[in-house]
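Notes for the structure review
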Amino acid sequence: MNTVKQTGTAQMADQPKKQRRFGVVAWFANRKLTHKLPVVIVGMALLVASTVGLISFNAAERILVQRLSENFDATLEARESAVMAWFNAVDNDIATQVQNPTVKGALTLFTLAYRQLGDSAQQQLQDAYINNNPHPLGQRQNLEESTAELQYDRNHGKFHSYFRQVQQNAGYYDVFLVNADGDVVYSVFKELDFATNLNKGEWKDTGLARVFKKAMEADENIVAYDDFAPYAPSHGAAAAFFAHRILDGTGKPAGALIYQAPVEVLNNVMNNSNGLGQTGETFLLGSDAAHRSDSRFQDGHKILEMTGTMALFEAMSRWFISLMNWACPKWGRCAGSTNMVSTGCWW
């Protein structure tokens, strides 16, 4: 008896739940057609509007992504063109200068004056133009001629203004003349590499020495290049070097003209914010995944800092444009650099 009562009570308790569950359906089923039709029409309209809205949103998203991609590609192409133009300008400049009689004559006269000083050439010239230079560090280039009364001084007074103009007009950090023996017989800025020997001296393992050796071993019309790396004589600042050998009157290598390029030149190209908004940036990477330009943001990366991991570099590399594709075939810079330099954009 108790069982029957309990079962009947449970069935009665389930009835309100079923009624609530089917109440809306039952209500709609009991309505007249004239009442149902507006509801169906509104429901269909809402469904169609939602579908159209979703399709429109997806289409708009695709258009936006396409436009961003196009802007991205255009920005990369502009940066690539600017970097290529800079390399091209340096190549043309140094190739022209090595044919200039002023440059050839300067190398000849500086070499003769250097050799006249014998084994003490480095010490005498560094005393005259570095240790006893009346101008402070960073302004030594303002000394036209030392008071040491050397034959070298007269040559320096004759040619220094010309090479300073070459350096300033193109924005190079420094300009060097190195004779066939590897002696740095001239530089504009007179840092500690001046008057040293690149084959056996203190800086024989630096970028300056490497690019000199590449230039002396390269074919006649090849511009040698050594990639950005810390350069001790410039207080550890990152520097790249371009070099072209100079031939004497008989067609034999007499030495090389070398340009030291600062990172600021490439920073001016890569840190251009046009087309990047407030958060985008472009930068250069080497094949070692290290940066070849500084970030345009104050707290961003610095040149020669690693991107993080090679996996990140490889993941990003699909956005990059290799400059080696044009540098090697056109100028033979493969002989001068083992690092691929690329340009890319990171959003």
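Here the structure is a predicted model, which means the values were calculated and not measured.

**Notes on the overall build of the protein chain**
The helix and strand inventory of the protein chain stands at nine helices and eight strands. Within the protein chain, contacts between residues separated by at least 24 positions form 54% of all contacts whose residues are at least 6 apart in sequence. Accessible area for the protein chain stands at about 18800 Å²; split by element, carbon and sulfur atoms hold 56% of it.

**Digging into the pattern of salt bridges**
The tally for this structure, following the rule as stated, stands at five salt bridges. Of the charged contacts in the structure, one is a salt bridge between Arg 164 and Glu 144, with a shortest N-O distance of 4.0 Å. Placement of Arg 164 in helix α5 (residues 151-170) and of Glu 144 in the loop between α4 (121-131) and α5 is noted, with a sequence separation of 20 residues between them. Arg 164 gets classed as buried once you look at its relative accessible area, which sits at 17%.

**Here we look at the nonpolar core**
Core analysis: the largest hydrophobic core is formed by 50 residues, its most contacted members being Tyr 152, Phe 163, Leu 177, Phe 242, Leu 257 and Tyr 259. For this core, the element with the most residues is helix α3 (residues 101-116), which contributes six residues. Excluding anything up to four places from it in sequence, Tyr 152 contacts Phe 110, Ala 113, Leu 125, Tyr 129, Val 185, Tyr 186 and Phe 194. Formed by 17 residues, the second largest nonpolar core is a distinct cluster that contains Leu 208, Ala 215, Ala 239 and Ala 256.

**A short note on the packing of aromatic side chains**
Using the criterion set out here, one finds 16 aromatic pairs in the structure. Seen in terms of ring centroids, Phe 87 and Tyr 225 are 5.6 Å apart; in terms of plane orientation they differ by 65°. Their pairing is edge-to-face. Here Phe 87 is found in helix α2 (residues 33-97), whereas its partner Tyr 225 is found in strand β3 (residues 224-231), with 138 residues between them in sequence. Each of the two residues, Phe 87 as well as Tyr 225, counts as buried. With a centroid separation of 4.1 Å and an interplanar angle of 20°, the aromatic rings of Tyr 172 and Tyr 259 are classed as stacked. Of this pair, Tyr 172 sits in the loop between α5 and β1 (174-179) while Tyr 259 sits in strand β5 (residues 253-262); the two residues are 87 residues apart in sequence, bridging distant segments of the chain. Each member of the aromatic cluster is reached from another via a ring pair, and the members are Phe 110, Tyr 129, Tyr 152, Phe 159, Tyr 162, Phe 163, Tyr 186 and Phe 194. Between the NZ or CZ atom of Lys 190 and the centre of the ring of Phe 194, over which it lies, the distance is 5.2 Å.

**Examining the sheet that holds strand β2 (residues 184-187)**
The five strands lie next to each other as β2-β1-β5-β4-β3, forming an open sheet whose pairing is antiparallel. Of all strands in the sheet, those with a lone pairing partner are β2 and β3, marking the two edges. On average, each strand axis in the sheet is tilted by 25° relative to the strand beside it, whichever way the strands run. The pairing of β1 with β5 spans six bridges and is classified as antiparallel. By the bridge assignment for β5, Asp 174 is matched with Gln 260.

**Quick look at the environment of Lys 204**
Tracing the backbone shows Lys 204 in the loop between β2 and α6 (207-217). On the basis of relative accessible area, Lys 204 is assigned to the partly exposed category, the value being 34%. Between the alpha carbons of Lys 204 and Gly 182 there is a distance of 9.4 Å; along the sequence they are 22 residues apart. The contact partners of Lys 204, leaving out residues within four places of it in the chain, are Leu 198, Asn 199, Ala 209 and Lys 213.

**Regarding the packing of α3 against α5**
Axes are the key here: two packed helices are described by the angle between their axes and the distance separating the axes. Two elements in contact, α3 and α5, have axes separated by 10 Å at closest approach and are oriented at 155°. Classed by the angle they form, the pair α3 and α5 counts as roughly antiparallel. In the crossing of α3 with α5, the sense of the turn from one axis to the other is left-handed. Only Gln 151, Tyr 152, Asn 155, His 156, Lys 158, Phe 159, Tyr 162 and Phe 163 of α5 make contact with α3, whose side of the interface consists of Thr 102, Val 103, Gly 105, Ala 106, Leu 109, Phe 110, Ala 113 and Gln 116. Taken together, the residues of the contact of α3 with α5 sort by class into nine nonpolar, six polar and one charged.

Calculation criteria
Residues numbered from 1 in each chain as written. Predicted model: local features only at pLDDT ≥ 70, side-chain atom pairs only at ≥ 80, totals over all residues. Heavy atoms only, no water. Helix = DSSP H or I, 4+ residues; strand = E, 2+ residues; numbered from the N terminus. Contact = heavy atoms within 4.5 Å. Areas by Shrake-Rupley, 256 points an atom, 1.4 Å probe, with all protein chains shown as cover. Salt bridge = Lys/Arg side-chain N within 4 Å of Asp/Glu carboxyl O. Buried < 20%, exposed > 50% of the residue type's maximum accessible area, 1.4 Å probe, protein only. Core = buried A, V, L, I, M, F, W, Y, C linked by side-chain atoms within 4.5 Å. Phe/Tyr/Trp six-rings, centres within 6.5 Å; stacked < 30°, edge-to-face > 60°. Lys NZ or Arg CZ within 6 Å of the ring centre and 35° of its normal. Pairing = 2+ DSSP bridges. Axes fitted to C-alpha atoms, helices over the stretch in contact; angles between N-to-C directions. Parallel < 35°, antiparallel > 145°, perpendicular 65-115°, else oblique. Left-handed = near helix turned anticlockwise from the far one by under 90°. Nonpolar A, V, L, I, M, F, W, Y, C, P; charged D, E, K, R; others polar.

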